[in-house]
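What follows is each chain in one-letter form.
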Amino acid sequence: MSEHAIEITGLRKTYASSAGEPPKDALKGIDLTIPKGSIFGLLGPNGAGKSTLINILAGLVLKTTGQVRIWGFDQDVNPRQSRASIGVMPQELNLDPFFSPRNVLEVQAGLYGVPRSQRRSDEILAMIGLTDKANAYARTLSGGMRRRLLLGKALVHHPHILVLDEPTAGVDIELRNMLWTNVRKLNEQGMTIILTTHYLEEAEQMCDEIAIINHGEVVACDTTRALLGRLDTKTMVIEPETAVPEALQMPGGIEMCPRSDGTLAFNYNRTKVSAETVLKAVHDAGIRIKDVKTVEADLEDVFLSLTSSTA
Ligand SMILES: Nc1ncnc2c1ncn2[C@@H]1O[C@H](COP(=O)(O)OP(=O)(O)OP(=O)(O)O)[C@@H](O)[C@H]1O
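What counts, and where the lines are drawn
Residues numbered from 1 in each chain as written. Predicted model: local features only at pLDDT ≥ 70, side-chain atom pairs only at ≥ 80, totals over all residues. Pairing = 2+ DSSP bridges. Helix = DSSP H or I, 4+ residues; strand = E, 2+ residues; numbered from the N terminus. Axes fitted to C-alpha atoms, helices over the stretch in contact; angles between N-to-C directions. Contact = placed C-beta atoms within 7 Å. UniProt positions renumbered as here; feature names shortened; annotations may be inferred. Near = placed C-beta within 6 Å. Nonpolar A, V, L, I, M, F, W, Y, C, P; charged D, E, K, R; others polar. Buried ≥ 20, exposed ≤ 12 C-beta atoms within 10 Å, placed from the backbone. Domains from an automatic or database assignment. Core = buried A, V, L, I, M, F, W, Y, C linked by C-beta atoms within 7 Å.

Reading across the sheet, the four strands line up as β12-β13-β11-β14 and stay open at both edges, with antiparallel pairing between neighbours. On the outer flanks of this sheet lie β12 (254-258) and β14 (289-295), each paired with one strand and no other. Direction aside, the axes of adjacent strands within the sheet are offset by 20° on average. Here strand β11 (residues 233-240) pairs with strand β13 (residues 264-269) via six bridges, running antiparallel. Considered in β13, the bridge of methionine 236 is made with phenylalanine 266. Helix-sheet contacts for helix α9 (residues 275-284) involve β11, β12, β13 and β14, and the interaxial angle to β11 is about 35°.

Okay, the UniProt feature "domain: ABC transporter" (unreviewed entry) in the chain next. Per the UniProt record, "domain: ABC transporter" (unreviewed entry) is found at residues 6-240. End C-alpha to end C-alpha, residues 6-240 measures 52 Å, and it is 31% helix and 30% strand.

Here the focus is the site of the ligand. As a structural note, the neighbourhood of the ligand is formed by Tyr15, Lys24, Ala26, Gly44, Asn46, Gly47, Ala48, Gly49, Lys50, Ser51 and Thr52. Top contributing element to the shell around the ligand by residue count: helix α1 (residues 50-57), with three residues. Within the shell around the ligand, the residues separate by chemical class into three nonpolar, six polar and two charged.

The phi dihedral of alanine 19 falls on the positive side, at around 45°, and the residue is not glycine. Assignment of secondary structure puts alanine 19 in the loop between β1 (4-15) and β2 (24-35). C-beta crowding within 10 Å serves as the criterion here: with 4 such atoms nearby, alanine 19 is assigned to the exposed category. Phi angles above zero are rare outside glycine, and histidine 215 is one such case at about 50°. With respect to the helices, strands and loops of the structure, histidine 215 is situated in the loop between β9 (209-214) and β10 (217-223). A tally of 17 C-beta atoms within 10 Å means that histidine 215 is categorised as partly exposed.

Moving on, we come to the domain arrangement of the chain. Structurally, the chain comprises domain 1 (4-228) and domain 2 (233-295). Taken over C-alpha atoms, the centre of domain 1 sits 45 Å from the centre of domain 2.

Turning next to the nonpolar core. Ranked by internal contacts, the top residues of the largest apolar core, which has 59 residues, are Leu42, Leu57, Ile161, Leu162, Val163, Ile193 and Ile194. Those residues within four positions of valine 163 in sequence are excluded, and the remaining contacts are Ile54, Leu57, Ala58, Ile86, Val88, Met89 and Ile194. Among the nonpolar cores identified, the runner-up in size contains nine residues, and Ile238, Tyr268, Val278 and Val282 belong to it.

Our focus in this paragraph is the sheet that holds strand β8 (residues 192-196). The sheet built from six strands is open, its strands ordered β6-β7-β8-β3-β9-β10 with mixed pairing. Edge positions in the sheet fall to β6 (86-89) and β10, since each has one partner strand and no second. Averaged over all pairs of adjacent strands, the angle between their axes in this sheet comes to 15°, without regard to strand direction. In this structure, β6 lies alongside strand β7 (residues 161-165), joined through four bridges in parallel fashion. From the neighbouring strand, valine 88 faces β7, where its bridge partner is valine 163. Seen against the sheet, helix α10 (residues 299-307) touches β3 (39-43), β9 and β10 and runs at an angle of roughly 30° to β9.

A word on the pairing of β13. For a regular strand, side chains alternate in direction, first toward one face of the sheet and then toward the other. Alternating positions in β13 separate cleanly, Leu264, Phe266 and Tyr268 being buried on one face and Ala265, Asn267 and Asn269 remaining unburied on the opposite face. As paired elements, β12 and β13 share five bridges and run antiparallel to each other. When the sheet's bridge partners are listed, isoleucine 254 is paired in β13 with tyrosine 268. Joining the antiparallel neighbours β12 and β13 is a turn of five residues, in which glycine 262 adopts a positive phi near 90°.

A few words now on α1. For α1, a buried count of seven out of eight residues is recorded, marking the element as mostly surrounded by other parts of the structure. Those residues of α1 that sit buried are Lys50, Ser51, Thr52, Leu53, Ile54, Ile56 and Leu57. Just beyond α1, the residue with positive phi is glycine 59, at close to 80°.

Structure representation (C-alpha cells):
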C-alpha cells in the first residue's frame, strides 16, 4: 500500500468554452503527493484552481488528463474505492431545506452503501454538537449549524481522507475553534486532512505541509517549516536606550528603517549577514540597546513572494 494518501501526476483540467468565453486551463499539469496522516494545506489566490482540484478529488469534476490515486486507488480504475476513501466538506451550504440533520446523515450513508449496523449518526451528531437539532428541518438551522452538518455529512462513510474547502470562511470564532478541535481529533485518530483556507495564519498553525497553487500550477510544496525558512530576509528590531544619531551609515547588506514607535528595524539577508554583524554595526554606530528581538518571515510573506509576481 502506498504511503501517500493522495498521488496526483500530470493533472490537467480545461473547462470547455461557453457563452463566448474561450476554454480555460484551470489546472496545467499538477504533480502532488500528500502523505498519509498529515494535515495538508492547499493555498492560492482566488481563481488559482484549488476548488477545481478538490472537486476532481471528490469526483464532482472530470479531469481532462492525468492520474489521480486516492488511498492507493486509481480514480479511473477503481472509482468506487477511491470515492469511498475521501469525504469532502464543501464551501457552499447546499442542504435540502426539508431534511433534518439525522435524515441528511442517513441518506448520505445510504448513498455510500454504509450498512445500517455500521451507521453512526448519533455519534456524528454528538461530535458536531447537533444532538438537540437531530430532527429539526435543515432550513431552521443557523449558518454555523449547517456548516457543522456538512462536516458530519463528509464523515458518514468513515473516509481515510477528509477535505475541507474553506471551512472557516466567514464563521465566528466559536465555530472556528470547534471545527479545529474536531479536525485535530480526527487527525490524531489517523485521518488525513486536506484543507484550503484564505487565512494564512490558520494554515501556518494547522498544517504540517503546504502546497501553494497559482494559475493552475504548484509553485511551492514543502513542510510548513521549510516554506517559512525559504525567505532569506530577516529583521532585527532594536529599542534604543538613548536618542539615535541622525544620518547613520550601515555596512552593506544591512538596511535600517526607523519605525514610528521609536524602534529601529534592521533588515538583512541572513545567509549573507550574521546577527552578530548587525549587532556590531549597531554598536559601532553608537546606538545603545535597551531591547532587541528578531522577526521571522511568516507565511504571508512567502505566499506573496511566490504569487504576486505572476498575479
Ligand atoms: N465551470 C467552469 N467553467 C469555466 N471556467 C471555470 C469553471 N470553474 C472554474 N473555472 C475557472 O477556472 C479557474 C480556477 O477556478 P477555481 O474555482 O478552481 O479556483 P479557486 O482557486 O478555487 O478560486 P477561489 O478561491 O476563488 O474559489 C478560474 O479562472 C475559474 O474562473
